[in-house]
Amino acid sequence: MTRYSALKLFQKAQGGHKGWSKAWQKRAPKPTYDIVIIGGGGHGLATAYYLAKHHGIKNIAVLEKGWIGGGNTGRNTTIIRSNYLWDESAHLYELSLKLYEKLSQELNFNIMLSQRGVINLAHSQTEMHEVSRRVSAIRVNGIDSEVLTPNQIKSLVPIVNISKKSRYPILGGSIQRRGGVARHDAVAWGFARAADKLGVDIIENCEVLSFSMSNGSVNSIDTTRGSINAKKFGLVVSGHASVLAEKAGFRLPIDSQPLQALVSEPLKPFFDVVLMSGTVHVYLSQSDRGELVLGAGTDQYNSYSQRGSLSVIEQMMGASVELFPVLSRLKVMRMWGGIVDICPDASPIIGRSPIDNVYINCGWGTGGFKATPGSGYVFAHTIASDEPHSLAAPFSINRFSKGCLIDEHGAAAVAH
């Protein structure tokens, strides 16, 4: 029997893949909602899900200008961790990590969570002192973190170069063993399906064009699929938050920059941690399909393009070969870029906007995916109660005028 005939028999036995139920319904927008969430990425879908589940609000629409998970949610490197320096960040990301740990069961959707551990490298005595400081601060907040020696790192990552003669010798590092990766698409799909089952309208190919205002509030929005009224609006559009805010009549302290990543040809499983280096600025993990996933820093210019410059890729590859000489002949299969919103202190904005019934969730920089469930959880509380969740309160937009910044630049040795 040929492979083709065997495949046809299998498809016939399975009914030809026909009759599969849709994960969520393709709905047309209604004229009026209680709450409209603008942005159908992970954060927007999580917000709608928790609004429906925990706050009993079912008349909700999620508007996505493209397809679900087609923006930054589908363009990241899937890393999850909570080893942040400042208390405010640590508590918020730890909530998210704890939600991630139970998310597959809660959503009844396998998000392919792999808590394989996240290692951050140190290449100088100054960095080792900083590692010790950060590990101590993280552990004070009840979050797991450990200091590692070069030999301990080598035992976890046999291919890493720990030679003292290398250009940037590894002097040690830290590890959060509960950190790891999850399937980014599955997170979006799981939240979308669960929200749909709770009565949320998920509306794709629906771009917001303008806001209709009166007495300091938004009455309705004009979209490519008609006008929609709502009592409250949540703006959760990573990469384009400042653009949408301008349409609504206010400004945000945000820069948008491209962030690139790439994957290699598939290899047999051999790299079972996530490893980051802030000095040579590269991070690496291996996907379930065998591809090595590599990322680096943002391009140093503002852009809404979903691709970046060749120089970042060149630096990323040079850093990878420096740390892992065995990868020198590895072939790159594809590369892509996302758009990150970056606040002056590299921390997000969560809360009320200058407009009475508009709430904002943006500015996550390169840390958005790892915050997905926690972000949705606290943002849903903020919208439903008109008061910030206790974990979201420090991230108000008012912190910039008050000088209460949460400086997470280079968080846990690298900004991702």
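Computed from a predicted model, the values in this text were never measured in an experiment. (Residues numbered from 1 in each chain as written. Predicted model: local features only at pLDDT ≥ 70, side-chain atom pairs only at ≥ 80, totals over all residues. Heavy atoms only, no water.)

> Hey, could you run me through the overall build of the chain in this one?
Across its full length, the chain carries 10 helices and 18 strands. The globule rule puts the C-alpha radius of gyration for 416 residues at 22 Å, and the 22 Å found for the chain is close to it. Taken along the three principal axes of its C-alpha coordinates, the chain extends 70 × 65 × 40 Å. Across the 416 residues that make up the chain, the buried fraction comes to 54%. Counting contacts in the chain only where the partners sit at least 6 residues apart, residues at least 24 apart contribute 76% of the total. (Helix = DSSP H or I, 4+ residues; strand = E, 2+ residues; numbered from the N terminus. Rg over C-alpha atoms; globule rule 2.2 N^0.38 Å. Buried < 20%, exposed > 50% of the residue type's maximum accessible area, 1.4 Å probe, protein only. Contact = heavy atoms within 4.5 Å.)

> How should I be thinking about the pairing of strand β4 (residues 118-122) in this particular structure?
Most of β4 sits out of view: five of its five residues are buried. The side-chain alternation of β4 yields two buried faces, one formed by V118, N120 and A122 and the other by I119 and L121. Sheet topology places β4 next to strand β6 (residues 172-176); five bridges connect them, and they run antiparallel. Bridge assignment links V118 to a residue of β6, and that residue is Q176. The sheet contact formed by β4 and strand β13 (residues 274-277) spans four bridges and is parallel. By the bridge assignment for β13, N120 is matched with M276. (Pairing = 2+ DSSP bridges.)

> Sorry if this is basic, but what is going on with helix α2 (residues 42-55) here?
With 14 residues, α2 extends 19 Å between its outermost C-alpha atoms, agreeing within 8% with the 20 Å of an ideal straight helix rising 1.5 Å per residue. Taking burial as the measure, the 14 residues of α2 include 11 buried ones, the bulk of the element. Among all positions in α2, only G42, H43, G44, L45, A46, T47, A48, Y49, Y50, L51 and A52 are buried. (Expected span 1.5 Å × (residues − 1).)

> Explain the sheet that holds strand β15 (residues 292-298) here, please?
Spatial ordering of the open sheet is given by β5-β6-β4-β13-β14-β15-β12-β16, a layout of eight strands whose pairing is mixed. Looking along the sheet, the strands with just one partner apiece sit at the ends: β5 (146-148) and β16 (332-342). Strand-to-strand twist in this sheet, taken as the mean axis angle between neighbours without regard to direction, amounts to 20°. With three bridges joining them, β5 and β6 adopt antiparallel strand pairing. Its bridge partner being in β6, L148 is matched across the sheet by G173. (Axes fitted to C-alpha atoms, helices over the stretch in contact; angles between N-to-C directions.)

> Looking at this structure, how should I read the side chain of S264?
Mapped onto the fold, S264 is located in strand β12 (residues 255-264). If near-sequence neighbours (up to four positions away) are discounted, S264 is found in contact with E291, L292, L330, K331, V332 and M333.

> What is the right way to look at the side chain of T372 in this model?
Summarising the element assignment, T372 is placed in helix α9 (residues 372-385). Ignoring anything within four residues of it in the chain, the contact list for T372 reads G42, H43, A46, S96, Y100, V187 and F191.

> Please explain unusual backbone geometry as it appears in this structure.
Glycine aside, residues mostly have negative phi angles, and peptide bonds mostly take the trans form. Even without glycine at this site, T78 takes up a positive phi of about 70°. Structurally, T78 is set in the loop between β2 (60-63) and β3 (79-80). The phi dihedral of H281 is positive, around 55°, even though this residue is not glycine. With respect to the helices, strands and loops of the structure, H281 is situated in the loop between β13 and β14 (282-286). Residue classification places H281 among the partly exposed positions, given a relative accessible area of 30%.

> What should I look at first to understand the environment of M276 in this one?
Structurally, M276 is set in strand β13. For the pair M276 and N120, spaced 156 residues apart in the sequence, the C-alpha separation amounts to 4.9 Å.

> It is not clear to me how helix α8 (residues 310-323) should be interpreted in this structure. Could you clarify?
Because each turn of an α-helix spans 3.6 residues, side chains separated by three or four positions in sequence point in the same direction. For α8, which comprises 14 residues, the first-to-last C-alpha distance of 20 Å matches the rise-based estimate of 20 Å (1.5 Å per residue) to within 8%. Listed as buried for α8 are V312, I313, M316, A319, S320, E322 and L323. The inward-facing, buried residues of α8 contact β4, β12, β13, β14, β15 and β16.

> What is the right way to look at the packing of α2 against α9 in this model?
Pairs of packed helices are described in terms of their axes, by the angle between the two and the distance that separates them. Between α2 and α9, the least distance of the axes is 7 Å, while the angle of their chain directions is 55°. Compared by their axis directions, α2 and α9 come out oblique. Relative to α9, α2 is oriented so that their crossing is right-handed. Along the contact surface, α2 presents G42, H43, A46, T47, Y50, L51, H54 and H55, while α9 presents T372, P373, S375, G376, Y377, F379, A380, H381, I383 and A384. Its residues placed into classes, the contact of α2 with α9 shows nine nonpolar, nine polar and no charged. (Parallel < 35°, antiparallel > 145°, perpendicular 65-115°, else oblique. Left-handed = near helix turned anticlockwise from the far one by under 90°. Nonpolar A, V, L, I, M, F, W, Y, C, P; charged D, E, K, R; others polar.)

> What's the story with the packing of aromatic side chains in this structure? I'm lost.
Each pair of aromatic rings is reported with the distance of its centres and the angle of its planes. Under the defined criterion, the tally for this structure stands at nine aromatic pairs. Consider the rings of Y50 and Y377, whose centres lie 5.4 Å apart with planes at 75°: the pair is edge-to-face. Here Y377 lies in helix α9 and Y50 lies in helix α2, a separation of 327 residues in the sequence. Judged by its relative accessible area of 1%, Y50 falls in the buried class. Note on Y377: relative accessible area 30%, which makes it partly exposed. Grouping aromatic residues by their ring pairs yields a cluster made of Y49, Y50, F191 and Y377. (Phe/Tyr/Trp six-rings, centres within 6.5 Å; stacked < 30°, edge-to-face > 60°.)

> Explain the packing of α2 against helix α3 (residues 87-107) to me, please; I cannot follow it from the model alone.
Axis separation between α2 and α3 bottoms out at 15 Å; the angle between their running directions is 70°. Comparing their axes, α3 and α2 come out roughly perpendicular. Two secondary-structure elements touch here, α2 through Y49, Y50 and K53 and α3 through L99, L103, E106 and L107. Of the residues belonging to the contact of α2 with α3, the class tally is five nonpolar, no polar and two charged.

Spatial relationships are all this shows, so hold off on functional conclusions.
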